[in-house]
Amino acid sequence: MFGGPRVAGPPAGTANTTSAGNQISVTEGSSALTQGYHIMLKPRGPICDLDCSYCYYLSKERLYPGSDFRMSEEVLEAVTRQYLTAQPVPEVVFGWQGGEPTLMGIEFFNRALQLQRKHAPAGTRVLNTIQTNGMHLNDEWCRFFKRNNFLVGISIDGPAQMHDAYRKDKGGHASHERVMAGLRQLQRHEVEYNVLTTVHAANVMRPLELYRFVRDEIGAQFVQFIPIVERDNDTGFQEGDRATERSVTGNLYGQFLIAVFDEWVHRDVGKVFVQMFDVALAAWVGQRSGLCVYAETCGLALALEHNGDLYSCDHYVQPSHLLGNVLEQPLIELVASPTQDQFGTAKRADLPRYCGACEVRFACNGGCPKNRFISTPDDEPGLNYLCAGYKAFFNHIGPAMRYMTAELRAERPPASIMEEFAGRMYPLRGR
(Lines give C-alpha, C1' and ligand atoms only; values in the text may rest on other atoms or scores of the structure.)
Protein backbone atom coordinates (compact mmCIF):
# COMPACT_ATOMS: atom_id res chain seq x y z
CA MET A 1 0.00 0.00 0.00
CA PHE A 2 2.74 2.44 0.95
CA GLY A 3 5.63 0.99 -1.01
CA GLY A 4 5.28 -2.64 0.05
CA PRO A 5 5.33 -5.76 -2.13
CA ARG A 6 2.52 -6.70 -4.48
CA VAL A 7 -0.51 -7.94 -2.58
CA ALA A 8 -3.70 -9.37 -4.02
CA GLY A 9 -6.73 -7.19 -3.40
CA PRO A 10 -10.15 -6.49 -4.86
CA PRO A 11 -9.85 -5.11 -8.39
CA ALA A 12 -11.71 -1.86 -9.03
CA GLY A 13 -14.64 -1.48 -11.38
CA THR A 14 -17.03 -3.88 -13.08
CA ALA A 15 -19.38 -3.85 -16.02
CA ASN A 16 -23.15 -3.83 -15.67
CA THR A 17 -24.26 -6.95 -17.54
CA THR A 18 -27.71 -8.51 -17.38
CA SER A 19 -29.49 -11.23 -19.31
CA ALA A 20 -33.21 -11.72 -19.84
CA GLY A 21 -35.02 -14.40 -17.89
CA ASN A 22 -32.65 -14.64 -14.90
CA GLN A 23 -34.06 -14.69 -11.40
CA ILE A 24 -32.19 -11.67 -10.04
CA SER A 25 -31.12 -8.50 -11.73
CA VAL A 26 -28.17 -6.30 -10.96
CA THR A 27 -28.81 -3.79 -8.20
CA GLU A 28 -28.49 -0.30 -9.66
CA GLY A 29 -25.71 1.55 -7.84
CA SER A 30 -24.27 -1.63 -6.35
CA SER A 31 -20.73 -1.28 -5.03
CA ALA A 32 -19.72 -4.20 -7.24
CA LEU A 33 -20.38 -2.02 -10.27
CA THR A 34 -18.26 0.88 -9.06
CA GLN A 35 -15.57 -0.55 -6.76
CA GLY A 36 -15.10 -3.95 -8.34
CA TYR A 37 -15.03 -7.30 -6.57
CA HIS A 38 -12.69 -10.15 -5.82
CA ILE A 39 -13.38 -13.88 -6.06
CA MET A 40 -11.54 -16.50 -4.01
CA LEU A 41 -11.41 -19.50 -6.32
CA LYS A 42 -11.57 -22.94 -4.67
CA PRO A 43 -10.71 -25.41 -7.48
CA ARG A 44 -10.30 -28.33 -5.04
CA GLY A 45 -12.92 -27.09 -2.61
CA PRO A 46 -12.07 -27.94 1.02
CA ILE A 47 -9.79 -30.88 0.13
CA CYS A 48 -6.39 -30.60 1.80
CA ASP A 49 -3.53 -32.85 2.84
CA LEU A 50 -3.25 -31.06 6.17
CA ASP A 51 -5.75 -31.42 8.99
CA CYS A 52 -5.28 -28.12 10.79
CA SER A 53 -7.26 -28.14 14.03
CA TYR A 54 -8.56 -24.59 13.60
CA CYS A 55 -9.39 -24.75 9.89
CA TYR A 56 -12.88 -23.41 9.22
CA TYR A 57 -12.99 -24.79 5.67
CA LEU A 58 -12.42 -28.54 6.02
CA SER A 59 -16.01 -29.05 7.22
CA LYS A 60 -17.35 -27.67 3.91
CA GLU A 61 -16.82 -31.15 2.46
CA ARG A 62 -20.15 -32.03 4.05
CA LEU A 63 -21.93 -29.60 1.71
CA TYR A 64 -21.08 -31.71 -1.36
CA PRO A 65 -21.51 -35.41 -0.59
CA GLY A 66 -20.26 -37.63 -3.39
CA SER A 67 -18.34 -34.85 -5.16
CA ASP A 68 -14.87 -35.43 -6.61
CA PHE A 69 -13.99 -31.87 -5.58
CA ARG A 70 -12.25 -30.98 -8.82
CA MET A 71 -13.17 -27.88 -10.81
CA SER A 72 -14.29 -28.92 -14.27
CA GLU A 73 -13.20 -27.36 -17.55
CA GLU A 74 -16.74 -26.03 -17.96
CA VAL A 75 -16.71 -24.20 -14.61
CA LEU A 76 -13.16 -22.97 -15.09
CA GLU A 77 -13.91 -21.42 -18.46
CA ALA A 78 -17.23 -19.96 -17.34
CA VAL A 79 -15.80 -18.17 -14.32
CA THR A 80 -12.68 -17.06 -16.20
CA ARG A 81 -14.67 -15.52 -19.02
CA GLN A 82 -17.24 -13.89 -16.78
CA TYR A 83 -14.73 -12.62 -14.23
CA LEU A 84 -12.58 -10.98 -16.92
CA THR A 85 -15.28 -9.53 -19.14
CA ALA A 86 -17.28 -8.11 -16.22
CA GLN A 87 -14.37 -6.02 -14.92
CA PRO A 88 -13.21 -3.44 -17.50
CA VAL A 89 -10.14 -2.39 -15.51
CA PRO A 90 -6.44 -2.55 -16.36
CA GLU A 91 -5.67 -5.30 -13.81
CA VAL A 92 -7.64 -8.36 -12.70
CA VAL A 93 -6.45 -10.75 -9.98
CA PHE A 94 -7.30 -14.47 -9.83
CA GLY A 95 -6.90 -15.68 -6.25
CA TRP A 96 -6.55 -19.47 -5.95
CA GLN A 97 -7.27 -20.90 -2.50
CA GLY A 98 -8.55 -23.99 -0.79
CA GLY A 99 -8.32 -26.43 0.86
CA GLU A 100 -5.00 -26.90 -0.90
CA PRO A 101 -5.14 -25.65 -4.50
CA THR A 102 -1.85 -27.26 -5.60
CA LEU A 103 -3.62 -30.63 -5.29
CA MET A 104 -5.20 -29.79 -8.68
CA GLY A 105 -1.80 -30.24 -10.33
CA ILE A 106 0.17 -27.94 -12.61
CA GLU A 107 -1.77 -28.89 -15.76
CA PHE A 108 -4.93 -27.38 -14.29
CA PHE A 109 -3.19 -24.06 -13.78
CA ASN A 110 -1.61 -24.19 -17.22
CA ARG A 111 -5.13 -24.51 -18.60
CA ALA A 112 -6.32 -21.65 -16.39
CA LEU A 113 -3.61 -19.41 -17.85
CA GLN A 114 -4.59 -20.41 -21.39
CA LEU A 115 -8.20 -19.46 -20.69
CA GLN A 116 -7.14 -16.17 -19.13
CA ARG A 117 -5.21 -15.31 -22.29
CA LYS A 118 -8.20 -16.35 -24.39
CA HIS A 119 -10.76 -14.23 -22.57
CA ALA A 120 -8.79 -11.24 -21.28
CA PRO A 121 -9.94 -8.00 -22.96
CA ALA A 122 -7.27 -6.12 -24.87
CA GLY A 123 -5.02 -4.15 -22.54
CA THR A 124 -6.05 -6.04 -19.39
CA ARG A 125 -3.25 -7.26 -17.15
CA VAL A 126 -4.06 -10.56 -15.45
CA LEU A 127 -2.34 -11.55 -12.21
CA ASN A 128 -2.53 -14.79 -10.26
CA THR A 129 -2.09 -15.40 -6.55
CA ILE A 130 -2.17 -18.73 -4.76
CA GLN A 131 -2.38 -19.54 -1.05
CA THR A 132 -0.65 -22.82 -0.20
CA ASN A 133 0.38 -24.87 2.80
CA GLY A 134 3.76 -25.33 1.07
CA MET A 135 3.78 -29.13 1.28
CA HIS A 136 4.09 -29.68 -2.49
CA LEU A 137 6.47 -26.90 -3.49
CA ASN A 138 9.22 -28.47 -5.57
CA ASP A 139 11.38 -27.35 -8.49
CA GLU A 140 8.60 -27.90 -11.00
CA TRP A 141 6.02 -25.87 -9.10
CA CYS A 142 8.44 -23.05 -8.37
CA ARG A 143 9.61 -22.81 -11.97
CA PHE A 144 5.94 -22.59 -12.99
CA PHE A 145 5.22 -19.83 -10.45
CA LYS A 146 8.29 -17.85 -11.44
CA ARG A 147 7.66 -18.18 -15.17
CA ASN A 148 4.05 -17.05 -14.81
CA ASN A 149 4.55 -14.29 -12.22
CA PHE A 150 2.44 -15.90 -9.48
CA LEU A 151 2.41 -14.30 -6.05
CA VAL A 152 2.53 -17.18 -3.57
CA GLY A 153 1.12 -16.94 -0.06
CA ILE A 154 2.58 -19.59 2.22
CA SER A 155 1.07 -20.48 5.59
CA ILE A 156 3.55 -20.76 8.48
CA ASP A 157 2.60 -20.30 12.13
CA GLY A 158 6.11 -19.69 13.47
CA PRO A 159 8.87 -21.99 14.73
CA ALA A 160 8.17 -25.72 14.81
CA GLN A 161 6.64 -25.85 18.30
CA MET A 162 4.13 -23.11 17.48
CA HIS A 163 3.40 -24.23 13.93
CA ASP A 164 2.99 -27.92 14.67
CA ALA A 165 0.64 -27.36 17.60
CA TYR A 166 -2.33 -27.20 15.20
CA ARG A 167 -0.95 -27.71 11.67
CA LYS A 168 -0.57 -31.48 11.35
CA ASP A 169 -1.16 -33.74 8.36
CA LYS A 170 -3.95 -36.29 8.01
CA GLY A 171 -1.87 -38.84 9.88
CA GLY A 172 -1.31 -36.50 12.81
CA HIS A 173 2.32 -35.83 11.90
CA ALA A 174 4.10 -32.49 12.18
CA SER A 175 4.31 -30.41 9.00
CA HIS A 176 6.78 -27.64 9.85
CA GLU A 177 9.88 -29.24 8.35
CA ARG A 178 8.13 -29.93 5.03
CA VAL A 179 6.64 -26.43 4.86
CA MET A 180 10.03 -24.85 5.48
CA ALA A 181 11.49 -27.01 2.69
CA GLY A 182 8.82 -25.64 0.37
CA LEU A 183 9.59 -22.09 1.43
CA ARG A 184 13.30 -22.59 0.68
CA GLN A 185 12.32 -23.75 -2.80
CA LEU A 186 10.38 -20.52 -3.36
CA GLN A 187 13.39 -18.53 -2.23
CA ARG A 188 15.83 -20.51 -4.36
CA HIS A 189 13.73 -19.90 -7.47
CA GLU A 190 13.18 -16.23 -6.51
CA VAL A 191 9.40 -16.58 -6.50
CA GLU A 192 7.58 -13.61 -4.99
CA TYR A 193 5.92 -14.74 -1.77
CA ASN A 194 4.07 -13.49 1.31
CA VAL A 195 3.77 -15.22 4.67
CA LEU A 196 0.39 -15.81 6.30
CA THR A 197 0.65 -16.52 10.02
CA THR A 198 -2.36 -17.31 12.14
CA VAL A 199 -2.35 -16.10 15.74
CA HIS A 200 -3.82 -18.63 18.14
CA ALA A 201 -3.54 -20.02 21.63
CA ALA A 202 -0.23 -21.75 20.89
CA ASN A 203 1.69 -18.67 19.73
CA VAL A 204 -0.12 -15.53 20.95
CA MET A 205 1.94 -15.37 24.16
CA ARG A 206 5.25 -15.24 22.25
CA PRO A 207 4.82 -12.34 19.83
CA LEU A 208 8.45 -11.26 19.51
CA GLU A 209 9.76 -14.77 19.07
CA LEU A 210 7.17 -15.32 16.34
CA TYR A 211 7.78 -12.00 14.60
CA ARG A 212 11.56 -12.37 14.70
CA PHE A 213 11.29 -15.87 13.30
CA VAL A 214 9.21 -14.62 10.37
CA ARG A 215 11.52 -11.66 9.82
CA ASP A 216 14.94 -13.19 10.48
CA GLU A 217 14.66 -16.94 9.91
CA ILE A 218 12.18 -16.87 7.06
CA GLY A 219 13.26 -13.50 5.66
CA ALA A 220 9.69 -12.44 4.90
CA GLN A 221 9.14 -8.90 3.69
CA PHE A 222 5.36 -9.09 3.85
CA VAL A 223 3.41 -10.86 6.58
CA GLN A 224 -0.24 -11.17 7.55
CA PHE A 225 -1.14 -11.95 11.16
CA ILE A 226 -4.62 -13.49 11.06
CA PRO A 227 -6.36 -14.06 14.44
CA ILE A 228 -8.00 -17.42 14.95
CA VAL A 229 -11.53 -16.89 16.21
CA GLU A 230 -13.23 -20.25 15.99
CA ARG A 231 -16.89 -20.62 16.97
CA ASP A 232 -17.55 -23.57 19.24
CA ASN A 233 -20.25 -25.55 17.41
CA ASP A 234 -20.79 -28.78 15.48
CA THR A 235 -21.93 -27.25 12.19
CA GLY A 236 -18.79 -25.43 11.00
CA PHE A 237 -20.99 -22.39 10.24
CA GLN A 238 -20.94 -18.94 11.86
CA GLU A 239 -23.13 -19.93 14.77
CA GLY A 240 -22.91 -19.79 18.54
CA ASP A 241 -21.58 -17.29 21.05
CA ARG A 242 -18.53 -19.12 22.40
CA ALA A 243 -15.00 -19.45 21.01
CA THR A 244 -12.89 -22.59 21.18
CA GLU A 245 -9.81 -22.90 23.36
CA ARG A 246 -7.62 -22.64 20.26
CA SER A 247 -8.90 -19.12 19.62
CA VAL A 248 -7.14 -15.95 20.73
CA THR A 249 -8.90 -13.60 23.10
CA GLY A 250 -9.38 -9.94 22.27
CA ASN A 251 -7.02 -8.78 25.01
CA LEU A 252 -4.25 -11.19 24.05
CA TYR A 253 -4.55 -10.35 20.35
CA GLY A 254 -4.21 -6.67 21.17
CA GLN A 255 -1.14 -7.31 23.33
CA PHE A 256 0.35 -9.43 20.54
CA LEU A 257 -0.08 -6.67 17.95
CA ILE A 258 1.28 -4.02 20.30
CA ALA A 259 4.43 -6.03 21.02
CA VAL A 260 5.07 -6.65 17.33
CA PHE A 261 4.35 -3.00 16.48
CA ASP A 262 6.82 -1.71 19.07
CA GLU A 263 9.56 -3.87 17.55
CA TRP A 264 8.59 -2.94 13.99
CA VAL A 265 8.38 0.81 14.56
CA HIS A 266 11.96 0.85 15.89
CA ARG A 267 13.59 -1.36 13.27
CA ASP A 268 11.53 -2.36 10.28
CA VAL A 269 9.41 0.48 8.86
CA GLY A 270 9.87 0.38 5.10
CA LYS A 271 11.64 -3.00 5.30
CA VAL A 272 9.00 -5.40 6.61
CA PHE A 273 5.37 -4.82 5.64
CA VAL A 274 2.86 -6.05 8.21
CA GLN A 275 -0.58 -5.98 6.65
CA MET A 276 -2.32 -4.78 9.82
CA PHE A 277 0.02 -1.80 10.12
CA ASP A 278 -0.43 -0.84 6.46
CA VAL A 279 -4.20 -1.03 6.87
CA ALA A 280 -4.02 1.15 9.99
CA LEU A 281 -1.93 3.80 8.24
CA ALA A 282 -4.44 3.89 5.39
CA ALA A 283 -7.20 4.61 7.92
CA TRP A 284 -5.28 7.50 9.44
CA VAL A 285 -4.47 8.89 5.98
CA GLY A 286 -8.18 8.74 5.15
CA GLN A 287 -8.07 6.10 2.45
CA ARG A 288 -10.72 3.42 1.97
CA SER A 289 -9.50 0.18 3.52
CA GLY A 290 -8.04 -2.32 1.09
CA LEU A 291 -8.93 -5.12 3.52
CA CYS A 292 -12.59 -6.08 3.90
CA VAL A 293 -12.21 -6.83 7.63
CA TYR A 294 -11.68 -3.15 8.42
CA ALA A 295 -13.80 -1.59 5.67
CA GLU A 296 -17.06 0.15 6.55
CA THR A 297 -19.05 -2.28 4.41
CA CYS A 298 -18.15 -5.63 2.88
CA GLY A 299 -19.56 -8.04 0.30
CA LEU A 300 -16.94 -7.53 -2.43
CA ALA A 301 -14.78 -10.54 -1.55
CA LEU A 302 -16.69 -13.70 -2.45
CA ALA A 303 -15.88 -17.40 -2.63
CA LEU A 304 -16.42 -19.68 -5.62
CA GLU A 305 -16.58 -23.42 -4.92
CA HIS A 306 -15.24 -26.11 -7.25
CA ASN A 307 -18.65 -26.72 -8.90
CA GLY A 308 -19.36 -23.05 -9.66
CA ASP A 309 -21.41 -22.24 -6.54
CA LEU A 310 -20.84 -18.65 -5.42
CA TYR A 311 -21.04 -17.70 -1.73
CA SER A 312 -21.20 -14.29 -0.09
CA CYS A 313 -17.83 -14.66 1.63
CA ASP A 314 -15.09 -17.19 2.25
CA HIS A 315 -16.18 -17.30 5.91
CA TYR A 316 -19.85 -17.78 5.01
CA VAL A 317 -19.74 -20.85 2.79
CA GLN A 318 -23.02 -22.22 4.10
CA PRO A 319 -26.47 -22.76 2.57
CA SER A 320 -27.91 -19.51 3.89
CA HIS A 321 -25.30 -17.52 1.93
CA LEU A 322 -25.32 -19.40 -1.37
CA LEU A 323 -25.98 -16.84 -4.11
CA GLY A 324 -26.23 -19.20 -7.07
CA ASN A 325 -24.08 -20.99 -9.64
CA VAL A 326 -22.11 -19.37 -12.46
CA LEU A 327 -23.21 -22.09 -14.88
CA GLU A 328 -26.82 -21.06 -14.34
CA GLN A 329 -26.61 -17.29 -13.88
CA PRO A 330 -24.07 -14.60 -14.84
CA LEU A 331 -21.43 -13.96 -12.22
CA ILE A 332 -21.99 -10.21 -12.12
CA GLU A 333 -25.71 -10.68 -11.43
CA LEU A 334 -24.87 -12.83 -8.43
CA VAL A 335 -22.19 -10.46 -7.14
CA ALA A 336 -24.38 -7.36 -7.55
CA SER A 337 -27.66 -8.95 -6.46
CA PRO A 338 -29.87 -7.36 -3.79
CA THR A 339 -29.06 -10.31 -1.51
CA GLN A 340 -25.31 -9.70 -1.69
CA ASP A 341 -25.70 -5.94 -1.48
CA GLN A 342 -27.67 -6.35 1.74
CA PHE A 343 -25.03 -8.75 3.08
CA GLY A 344 -22.36 -6.08 2.53
CA THR A 345 -24.24 -3.07 3.89
CA ALA A 346 -25.39 -4.97 7.00
CA LYS A 347 -21.85 -4.69 8.33
CA ARG A 348 -22.39 -0.96 8.83
CA ALA A 349 -26.12 -1.04 9.55
CA ASP A 350 -25.86 -3.63 12.33
CA LEU A 351 -23.02 -1.97 14.23
CA PRO A 352 -23.93 -1.57 17.93
CA ARG A 353 -24.41 1.94 19.34
CA TYR A 354 -21.36 1.30 21.54
CA CYS A 355 -19.20 1.17 18.39
CA GLY A 356 -20.68 4.41 17.05
CA ALA A 357 -19.21 6.29 20.00
CA CYS A 358 -15.80 4.57 19.85
CA GLU A 359 -12.73 6.70 19.17
CA VAL A 360 -11.15 4.06 16.90
CA ARG A 361 -14.20 3.06 14.94
CA PHE A 362 -12.72 4.74 11.83
CA ALA A 363 -9.87 2.23 11.93
CA CYS A 364 -11.69 -1.05 12.63
CA ASN A 365 -15.33 -0.34 11.59
CA GLY A 366 -16.44 -3.07 13.94
CA GLY A 367 -14.20 -5.74 12.39
CA CYS A 368 -15.43 -8.81 10.53
CA PRO A 369 -19.12 -9.65 11.04
CA LYS A 370 -18.21 -13.30 11.61
CA ASN A 371 -16.66 -12.29 14.94
CA ARG A 372 -19.55 -10.16 16.18
CA PHE A 373 -21.03 -12.59 18.65
CA ILE A 374 -20.55 -10.99 22.07
CA SER A 375 -22.48 -8.17 23.75
CA THR A 376 -21.54 -4.59 24.58
CA PRO A 377 -21.16 -3.44 28.21
CA ASP A 378 -24.85 -2.41 28.12
CA ASP A 379 -25.89 -5.83 26.75
CA GLU A 380 -26.48 -4.83 23.14
CA PRO A 381 -25.65 -7.80 20.88
CA GLY A 382 -23.29 -7.68 17.92
CA LEU A 383 -19.97 -6.59 19.45
CA ASN A 384 -16.82 -8.01 17.91
CA TYR A 385 -15.14 -10.72 19.99
CA LEU A 386 -11.80 -8.95 19.39
CA CYS A 387 -13.05 -5.48 20.34
CA ALA A 388 -10.88 -5.07 23.45
CA GLY A 389 -7.78 -5.91 21.44
CA TYR A 390 -8.67 -3.55 18.61
CA LYS A 391 -9.24 -0.65 21.02
CA ALA A 392 -5.95 -1.24 22.84
CA PHE A 393 -3.94 -1.62 19.65
CA PHE A 394 -5.36 1.28 17.64
CA ASN A 395 -5.09 3.65 20.61
CA HIS A 396 -1.51 2.52 21.23
CA ILE A 397 -0.36 3.21 17.67
CA GLY A 398 -2.22 6.51 17.31
CA PRO A 399 0.81 8.80 17.88
CA ALA A 400 2.91 6.86 15.38
CA MET A 401 0.14 6.85 12.80
CA ARG A 402 -0.29 10.62 13.11
CA TYR A 403 3.45 11.12 12.72
CA MET A 404 3.64 8.91 9.62
CA THR A 405 0.55 10.55 8.13
CA ALA A 406 2.24 13.93 8.47
CA GLU A 407 5.38 12.56 6.84
CA LEU A 408 3.41 11.22 3.89
CA ARG A 409 1.59 14.51 3.41
CA ALA A 410 4.94 16.29 3.45
CA GLU A 411 6.12 13.81 0.80
CA ARG A 412 8.66 12.27 3.16
CA PRO A 413 9.00 8.51 3.79
CA PRO A 414 7.17 7.16 6.86
CA ALA A 415 10.36 5.24 7.73
CA SER A 416 11.75 8.49 9.15
CA ILE A 417 9.79 7.63 12.28
CA MET A 418 12.58 5.23 13.30
CA GLU A 419 15.20 7.97 13.64
CA GLU A 420 13.80 9.78 16.66
CA PHE A 421 10.08 9.56 17.27
CA ALA A 422 9.80 5.83 18.00
CA GLY A 423 12.39 5.99 20.77
CA ARG A 424 10.42 8.70 22.56
CA MET A 425 7.01 7.05 22.28
CA TYR A 426 7.43 3.29 22.33
CA PRO A 427 9.56 0.95 24.44
CA LEU A 428 12.08 -1.29 22.73
CA ARG A 429 11.63 -4.71 24.24
CA GLY A 430 14.61 -6.92 24.95
CA ARG A 431 15.50 -10.12 23.18
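Residues numbered from 1 in each chain as written. Predicted model: local features only at pLDDT ≥ 70, side-chain atom pairs only at ≥ 80, totals over all residues. Heavy atoms only, no water.

Student: For this particular structure, what's the right way to read the packing of aromatic side chains?
Tutor: Each aromatic ring pair is described using two quantities: the centre-to-centre distance and the angle formed by the ring planes. The tally for this structure, following the rule as stated, stands at 32 aromatic pairs. Geometrically, the ring pair formed by Phe109 and Trp141 is edge-to-face, given 6.0 Å between the ring centres and 70° between the ring planes. Of this pair, Phe109 sits in helix α3 (residues 106–119) while Trp141 is found in helix α4 (residues 139–147), placing the two residues 32 residues apart along the sequence. Here the two residues Phe109 and Trp141 agree in accessibility, since each one is buried. (Phe/Tyr/Trp six-rings, centres within 6.5 Å; stacked < 30°, edge-to-face > 60°. Helix = DSSP H or I, 4+ residues; strand = E, 2+ residues; numbered from the N terminus. Buried < 20%, exposed > 50% of the residue type's maximum accessible area, 1.4 Å probe, protein only.)

Student: For this particular structure, what's the right way to read helix α11 (residues 338–349)?
Tutor: Residues three or four positions apart in an α-helix share a direction because the helix packs 3.6 residues into each turn. Taking 1.5 Å of rise per residue, twelve residues should cover 16 Å, and α11 covers 15 Å from first to last C-alpha, within 8% of that figure. If you check which residues of α11 are buried, you get Gln340, Phe343, Gly344 and Lys347. Seen along its axis, α11 keeps its buried residues to an arc of 85°; they face one direction. Residues of α11 that are exposed and point over 90 degrees away from its buried face: Gln342 and Ala349. Buried residues belonging to α11 abut β8 (301–304), β10 (322–325) and α10 (331–335). (Expected span 1.5 Å × (residues − 1). Arc of directions from axis to C-beta. Contact = heavy atoms within 4.5 Å.)

Student: I'm lost on the packing of α3 against α4 in this one. Help?
Tutor: Any two packed helices are characterised by how steeply their axes cross, that is the angle between the axes, and by the distance between the axes. Two numbers describe how α3 lies on α4: the axes approach to 11 Å, and their chain directions differ by 10°. Viewed along their axes, α3 and α4 adopt a mutual orientation that is roughly parallel. In contact with Ile106, Phe109, Asn110 and Leu113 of α3, α4 contributes Glu140, Trp141 and Phe144. Across the contact of α3 with α4, the residue classes break down as five nonpolar, one polar and one charged. (Axes fitted to C-alpha atoms, helices over the stretch in contact; angles between N-to-C directions. Parallel < 35°, antiparallel > 145°, perpendicular 65-115°, else oblique. Nonpolar A, V, L, I, M, F, W, Y, C, P; charged D, E, K, R; others polar.)

Student: Looking at this structure, I do not really get the pairing of strand β4 (residues 151–155). What am I missing?
Tutor: The side chains of a regular strand alternate between both faces of the sheet. The buried fraction of β4 is high, at five of five residues. A two-sided burial pattern is seen for β4, the buried positions comprising Leu151, Gly153 and Ser155 on one face and Val152 and Ile154 on the other. Both strand β3 (residues 125–132) and β4 contribute to a ladder of four bridges, which runs parallel. Looking across to β4, one finds that Thr132 is bridged to Ile154. Following the backbone out of β3, through α4 and into the adjacent parallel β4, one traces a crossover that is right-handed. As defined by bridge partners, β4 adjoins strand β5 (residues 193–199) across four bridges and the pair is classed as parallel. (Pairing = 2+ DSSP bridges. Right-handed = clockwise from strand over helix to strand, strands pointing away.)

Student: Would you explain empty space enclosed by the protein in this entry?
Tutor: The method is simple in principle: a probe with the dimensions of a water molecule rolls over the atoms, and the space it marks as empty is what remains. Per the stated rule, a full pass over the model turns up one cavity of 30 Å³ or more. In this model, the largest cavity occupies a volume close to 100 Å³. Together, Tyr354, Cys355, Cys358, Arg361, Cys364, Gly366, Leu383, Asn384, Cys387, Tyr390 and Lys391 line the largest cavity. Looking at the lining of the largest cavity, the elements with two or more residues in it are α12 (353–356), α13 (361–364) and α14 (387–409). It is α14 that provides the largest number of residues to the lining of the largest cavity, a total of three residues. Counted by class, the lining of the largest cavity contains seven nonpolar, two polar and two charged residues. (1 Å grid on protein atoms, 1.4 Å probe; cavity = no way out; pocket = protein on both sides within 12 Å on 5 of 7 lines; lining within 4 Å. Points joined across faces, edges and corners; volume = space filled by probe spheres on them.)

Student: I tried to follow the packing of α4 against helix α6 (residues 176–188) on my own but got confused; where do I start?
Tutor: Contact geometry for α4 and α6: axes closest at 9 Å, N-to-C directions at 45°. For the element pair α4 / α6, the angle class is oblique. Relative to α6, the crossing made by α4 is right-handed. Between α4, through Asp139, Cys142 and Phe145, and α6, the contact on the second element is made entirely by Gln185, Leu186 and Arg188. Here the contact of α4 with α6 is built from residues that sort into three nonpolar, one polar and two charged. (Left-handed = near helix turned anticlockwise from the far one by under 90°.)

Student: Help me understand the side chain of Gln329, please; the structure alone is not making it clear to me.
Tutor: Take Gln329: it is sitting in the loop between β10 and α10. Here the side chain of Gln329 touches Glu333 through a polar contact of 3.5 Å, side chain to side chain. (Polar contact = N/O pair within 3.5 Å; in protein donor to acceptor, adjacent residues only side chain to side chain.)

Student: Honestly, the pattern of salt bridges in this entry has me stumped. Any pointers?
Tutor: Should their charged atoms come close, side chains of opposite charge can pair. In the structure shown here, the tally under the stated rule is 18 salt bridges. The closest approach of N and O atoms between Lys118 and Glu77, which form a salt bridge, is 2.8 Å. Separated by 41 residues along the polypeptide, Lys118 in helix α3 and Glu77 in helix α2 (residues 73–85) bring together distant segments of the chain. A salt bridge links Asp139 to Arg188; the shortest N-O distance between them is 2.3 Å. You can see Asp139 sitting in helix α4 and its partner Arg188 sitting in helix α6, a full 49 residues away along the chain. The network of salt bridges with common partners includes Arg212, Arg215, Asp216, Glu263, Arg267 and Asp268. (Salt bridge = Lys/Arg side-chain N within 4 Å of Asp/Glu carboxyl O.)

Student: Is there a simple way to think about the sheet that holds strand β1 (residues 38–41) in this case?
Tutor: Sheets are built from strands paired through backbone hydrogen bonds, the pairs being either parallel or antiparallel. Strand order in the open sheet formed by ten strands is β7-β6-β5-β4-β3-β2-β1-β8-β9-β10, and the pairing between neighbours is mixed. The sheet terminates laterally at β7 (273–274) and β10, the two strands that pair on one side only. Here β8 runs beside strand β9 (residues 309–311); their pairing, made up of two bridges, is antiparallel. By the bridge assignment, Leu304 is partnered in β9 with Leu310. Sheet strands in contact with helix α8 (residues 250–267) are β5, β6 (222–227) and β7, and its direction is about 165° off that of β6.

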